[in-house]
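# Coordinate analysis (summary)
Below, each chain spelled out in residue letters.
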Amino acid sequence: MAFGIGNTATKNAGSLERKTKALAASQSKSSKSAAKIWRSRISWRITSAVFLTIMTVQAAILTLTLEQKEQQILNEIQEVGRSSIAPTLDQTTKFLDSPLTQEKANRLISSTIVNGLVIYTTDLLPLGNYGEPAAMVMLDQDSLSKTYRSTDGSSYEVVYRPNDLARPYIIVARLNSDGVSKQLFQYVQQTILIMLLMSAFVTTVLMIALGYWLLEPILFMRDNLITASRSPENPKIPESPFSPTDEIGGTIILAQKLIHQNAENMMQVRSAAEDKIHKLAYFDTLTGLPNRTLFIQKFTEMAFNVTDDKSPRIAVITMDLDHFKDINDSMGHNVGDAILRGVGKRLRTSLPDSAIVARSGEDEFAVCMPLSTDLNNGRDLAEKVSAIVKEEPFKVYNENFQVRTSIGVSTFPDDGKDPNDVLKHADIALNRAKEEGRDRFKEYTEDFDKAVQARFQLLRDLRDALENEDLTIFYQPQFDLRNGKIIGAEALLRWFKKDDSKEGGKYISPAEFIPIAEQSGLIVPIGEWVLLEACRTAKKWQESGHEIRIAVNVSGAQFFQSDLVGHTKSVLKETGVTPHNVELEVTESVFMDDITIAINTLNELHELGVELAIDDFGTGYSSLSYLRQFSIDRLKIDQSFIRNALTNDDDAAIARTIVKLGHSLNLKVIAEGVETKEHEKFLIDEDCDEVQGFRYSKPIPQDEFWEFLQSYNGDLSSFGA
Ligand code: C2E
Ligand code: MG
Ligand code: MG
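Residues numbered from 1 in each chain as written. Chains lettered and ligands numbered in written order. Predicted model: local features only at pLDDT ≥ 70, side-chain atom pairs only at ≥ 80, totals over all residues. Heavy atoms only, no water.

## Quick word on the sheet that holds strand S1 (residues 114-121)
We apply this condition: Strand pairing requires that DSSP identify at least two bridges connecting the strands. Secondary structure counts use DSSP, requiring at least four H or I residues in a row for a helix and at least two E residues in a row for a strand, with both numbered from the N terminus. Should any heavy atoms of two residues lie within 4.5 Å, those residues are counted as being in contact. Axis geometry follows a simple rule: fit a line to the C-alpha atoms, using only the stretch in contact for helices, then measure angles between N-to-C directions, giving values from 0 to 180 degrees.
What the five strands build is an open sheet, ordered S2-S1-S5-S4-S3; its pairing is antiparallel. Strands with a single pairing partner mark the edges of an open sheet, and in this sheet they are strand S2 (126-131) and strand S3 (148-149). Across the sheet, helix H2 (residues 41-85) touches S1, S3, strand S4 (155-160) and strand S5 (169-176), and the angle it forms with S4 is around 60 degrees.

This is the structure in structure tokens:
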């Protein structure tokens, strides 16, 4: 801190030096602060208050002394009058004669302040009257103590007694008192001047004292606070030049202490926040492992840490826990989290320190490790990691969970000079491993990249196809096996992809582009378009007298990511098709995602009046118990069972069981992939309700289907032996 308190001699010397410097600094500032003092409002307020107080007190004193002063002047006039009259009185006058001759009286009146006088005996007998007549008349002894002042203040009448005159007379003298007011005025003027001078002096001294003892320290403290508020973390405030022993100096020291403490606190809070942000930004909170960002940073450091003039070769794997989502959904997130923590911990403790282990995504981990004599290639690392995870099950709440992994492997610099690319390539290899059935590892090769590029291109083209209306719908008829009637048609999407060939393009199989559309979400607008188009067609057929139910495929993504019920409702309204003539085909996968949403959505769809079928039945979720919970109308036996029914007993048994199961639940059963008369016969024997397949017709364009409808004679045997 900038203001430590020294307790040794050296410290004292240092402190003295500092104080001298501070004093010098403060002197150089004094001219500035002098200017500030005169501009300071608080100084002016205090000073004005003091000035006014002094003035008021003095004014009060003046008022009190003014009367005294007047009396004093009048007394002086009285004395002058007495000393003018007394010597003129005759010493030898007889009893009842005036002691003043007219001539003396005239002289007296013309040359002194005496304007007139009346002379009485001690018994108050008037002896003579001279000059201006007096207003006062002596009638009794009480009158002797009175004086009289004319209203205009020009004359003052007094009574002189024998004692005053040293003669046995009483004289009432009328004296000229013109000068009294003037003298009084002068007195007031002088006093006020003195008061003003005194007040000015006192206030000036006060102002200067205020400036040095109060204002300057306050301004210093204010400057400190402004500096601190501008840069609270690093306030550059000078040492206080004021004595810390008085209240203000002490306050300044205290404020400076607080400013420095605040700065320290802020620094601490900031560095703690930075640590926290760093942790959040670079570490996974669940496992405590680095996240993908930090992984790439560390991997990059490792990759460019050149030793012996060579960059190291590094194996990189990204790893995904197989069916983790199922565990999470069925057993709850606590179990999922515990497994993730367990995997992270096991990887970290089992792999050497030279390996970087990170959690790179929800159920994804990434590891990189320099190749060495112990680790020859990426494949070794993948096998090691796979073994670590699989070596024994993870125990959570006393239950064992056997975790398996899919792993993608790539190597730096063989699979990319940029660590980001190498990691991306490991991800591509991981996807390949997952596609090939999980619980395996796959090493990256350039072909993968090409396949990924091709997929992206296909997705772009598909998006254009949707916009340019290059998508069409083919229809494949469905028949009642018992009476041979056409009862429905499945709407199957076709994409005519234009190219430079002489045919102008070719049809791309939905099996190729539907999965890509599902992954990208593009299936939602595509599916909505198919439903609208198919319903329009159904309506057209309906109007021409063919009550044909149209079956539309709905993918899982469409089921969960869009408002399927709302859209179906508006399509029914827009096209006016009978809801009963529309069937939605969903696969068993929708029941695996979220059973509650699935139940609710199917019920709401059923309430709209549309029929519901489970497509590719038998290939998905093994438990059949859920079937009762759904409002469905039809099971569609997957074509693989029909194809193999005649050669494989298991598949025949499955097909047979599906028919029985459907009937036991009051559902219709339709078989697809019926290619031959033998298939048909098998299904008739098993009492299947409906059929669809190449034996009757491939999926065909709408106009061809129309012709098919016109030409079909209602007899299944017309399709040949
Ligand atoms: P899916 O719904 O099971 O459709 C039946 C598939 O079997 C169709 O293939 C059809 O051409 C084919 N097929 C019908 N009879 C026979 C037969 O006797 N033998 C053989 N080998 N195959 C037969 P397609 O048209 O290539 O469609 C493949 C899949 O693409 C469909 O399987 C369906 O899952 C999906 N798909 C087609 N159109 C759409 C659509 O509009 N939306 C959605 N979400 N998926 C669609
Ligand atoms: Mg289908
Ligand atoms: Mg199918």
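## Remarks on the packing of aromatic side chains
Stated formally: Working definition: a ring pair exists when centres of Phe, Tyr or Trp rings (six-membered ring for Trp) sit within 6.5 Å. Plane angles under 30 degrees give stacked, over 60 give edge-to-face, the rest tilted. Lysine NZ or arginine CZ positioned within 6 Å of the ring centre and within 35 degrees of the ring normal marks a charge as sitting over the ring.
Within the structure shown, the criterion is met by 21 aromatic pairs. Between the aromatic rings of Phe708 and Phe719, the centroid separation amounts to 6.3 Å while the plane-to-plane angle is 15 degrees, which identifies the pairing as stacked. Residue Phe708 is found in helix H22 (residues 702-711), and its partner Phe719 is found in the segment after H22; the two are separated by eleven residues along the sequence. Joined through ring pairs, the aromatic side chains of Tyr475, Phe479, Trp541, Tyr696, Phe705, Phe708, Tyr712 and Phe719 make up one cluster. The ring of Phe394 is capped by Arg346, whose NZ or CZ atom sits 3.8 Å from the centre of that ring. The lysine or arginine in question, Lys698, covers the ring of Phe694, its NZ or CZ lying 4.9 Å from the ring centre.

## Here we look at unusual backbone geometry
What counts, and what does not: The buried label applies to any residue whose accessible area, calculated with a 1.4 Å probe on protein chains only, is under 20% of its type's maximum; exposed applies above 50%, and partly exposed to all values in between.
A cis amide bond links Phe412 to the next residue, Pro413, at an omega of 0 degrees. When you line up the elements, Pro413 lands in the loop between strand S11 (405-412) and helix H11 (419-435). Located in the positive-phi region is Asp439, a residue other than glycine, with phi close to 50 degrees. Following the sequence through the fold, Asp439 ends up in the loop between H11 and strand S12 (441-443). We classify Asp439 as partly exposed; its relative accessible area is 31%. Positive phi is not limited to glycine here, since Asp616 has a value of about 50 degrees. Residue position: Asp616 is located in strand S18 (residues 611-617).

## Some words on the sheet that holds S11
Strand order in the open sheet made by the five strands is S7-S8-S6-S11-S12, with mixed pairing throughout. The open sheet terminates on both sides in strands that have one partner only, identified here as strand S7 (356-359) and S12. Pairs of neighbouring strands in the sheet enclose a mean axial angle of 20 degrees, with direction left out of account. Sheet analysis places strand S6 (residues 314-321) next to strand S8 (residues 364-370), joined by seven bridges and oriented antiparallel. Directly across from Ala315, in S8, lies its bridge partner Met369.

## Let's talk about the site of ligand 1
This is how it is decided: Whether a residue is near a molecule or strand depends on its heavy atoms: it is near if one of them lies within 4 Å of it. In protein, a polar contact means a hydrogen-donor-capable atom and an acceptor-capable atom, both N or O and within 3.5 Å, with residues adjacent in sequence counting only if both atoms are side-chain atoms; elsewhere, any N or O pair within 3.5 Å suffices. The Shrake-Rupley method, run with a 1.4 Å probe sphere, supplies the accessible areas, and residue values consider only the shown protein chains as cover.
Looking at ligand 1, there are 21 residues lining it, with Asn553, Asp615, Gln639, Glu675 and Phe694 nearest. Between ligand 1 and Leu493, the relevant distance is 3.1 Å, taken from a nitrogen atom to a main-chain nitrogen or oxygen of the residue. With respect to ligand 1, the side chain of Asp616 contributes an N or O atom lying 3.1 Å from an oxygen atom. Notes on ligand 1: free accessible area 790 Å², of which the protein chains cover 84%.

## Points about the coordination of the magnesium ion (ligand 2)
Let me state the cut-off plainly: Metal-coordinating donors are taken as N, O and S atoms lying within 2.8 Å of the metal, or within 3.2 Å when the metal is Na, K or Ca; because water is left out, some sites can appear incomplete.
The magnesium ion (ligand 2) binds to the protein through Glu490 (OE), Asn553 (OD1), Glu585 (OE) and Asp615 (OD); the donor distances cover 2.0 to 2.3 Å. Sequence spacing of the donor residues for the magnesium ion (ligand 2), all on one chain, is E-x62-N-x31-E-x29-D. The metal-metal distance between the magnesium ion (ligand 2) and the magnesium ion (ligand 3) is 4.1 Å, with Asp615 serving as a donor to both. Of the two residues, Glu490 sits in strand S14 (residues 486-498) while Asn553 sits in strand S16 (residues 549-553), which places them 63 residues apart along the sequence. Residue class for Glu490 comes out buried when judged on its relative accessible area of 3%.

## Describing the domain arrangement of the protein
Test applied: Those domain boundaries reflect an automatic or database domain assignment.
Under the domain assignment used here, the protein contains domain 1 (33-230), domain 2 (283-444) and domain 3 (456-719). Summarising the inter-unit geometry, the C-alpha centres of domain 2 and domain 3 are found 41 Å apart.

## Some words on the pattern of salt bridges
Keep this limit in mind: Here a salt bridge means any side-chain nitrogen of Lys or Arg lying within 4 Å of a carboxyl oxygen belonging to Asp or Glu.
By the definition in use, this model includes 37 salt bridges. Glu443 is the salt-bridge partner of Arg379, the closest N and O atoms lying 2.9 Å from each other. Here Arg379, found in helix H10 (residues 378-390), pairs with Glu443, found in strand S12; they are 64 residues apart in sequence, far enough to count as distant. When its relative accessible area of 38% is taken as the criterion, Arg379 is described as partly exposed. Judged by relative accessible area, Glu443 falls into the partly exposed class, the value being 30%. Lys677 is paired through a salt bridge with Glu680; the nearest N and O atoms lie 3.5 Å apart. Taken together, the residues span about one helical turn, with Lys677 and Glu680 both in helix H21 (residues 677-685) at a distance of three residues. With a relative accessible area of 3%, Glu680 lands in the buried category.

## Thoughts on the nonpolar core
This is how it is decided: Only buried residues count toward a nonpolar core. Its members are Ala, Val, Leu, Ile, Met, Phe, Trp, Tyr and Cys residues joined through side-chain atoms within 4.5 Å.
One finds Tyr475, Leu584, Leu635, Ile637 and Leu683 to be the most contacted residues of the largest nonpolar core, which totals 81 residues. The element that contributes the greatest number of residues to this core is helix H14 (residues 523-543), accounting for ten residues. In this view, Ile637 contacts Phe617, Ile642, Ala655, Ile658, Val659, Val669, Ile670, Ala671 and Glu672; residues no more than four positions away in its chain are not counted.

## Overview of the packing of helix H16 (residues 564-575) against helix H18 (residues 595-608)
Formally: Here the word oblique covers every angle except those under 35 degrees (roughly parallel), over 145 (roughly antiparallel) and from 65 to 115 (roughly perpendicular). The nonpolar class holds Ala, Val, Leu, Ile, Met, Phe, Trp, Tyr, Cys and Pro. Asp, Glu, Lys and Arg form the charged class, and all remaining residues, Gly among them, are polar.
One can describe the packing of H16 onto H18 by two numbers: an axis separation of 10 Å at closest approach and a directional angle of 10 degrees. When the axis of H16 is compared with that of H18, the two are roughly parallel. Contacts from Leu564, Val565, Thr568, Lys569 and Leu572 in H16 reach Thr601, Glu604, Leu605 and Leu608 in H18. Looking at the contact of H16 with H18 residue by residue, the class counts come to five nonpolar, two polar and two charged.

## Overview of helix H6 (residues 247-282)
Residues separated by three or four positions in an α-helix point in the same direction, a consequence of the helix having 3.6 residues per turn. Condition: Helix span is expected to be 1.5 Å times the residue number reduced by one.
Under the 1.5 Å per step criterion, the end-to-end length of H6 is 52 Å for 36 residues, consistent within 8% with the ideal 52 Å. Among the residues of H6, Gly249, Ile252, Ala255, Gln256, Ile259, His260 and Ala263 are the ones counted as buried. Buried-residue contacts for H6 involve helix H5 (179-230). Capping of H6 at its N-terminal end is provided by Asp246; its side-chain oxygen lies 3.0 Å from the backbone amide nitrogen of Ile248.

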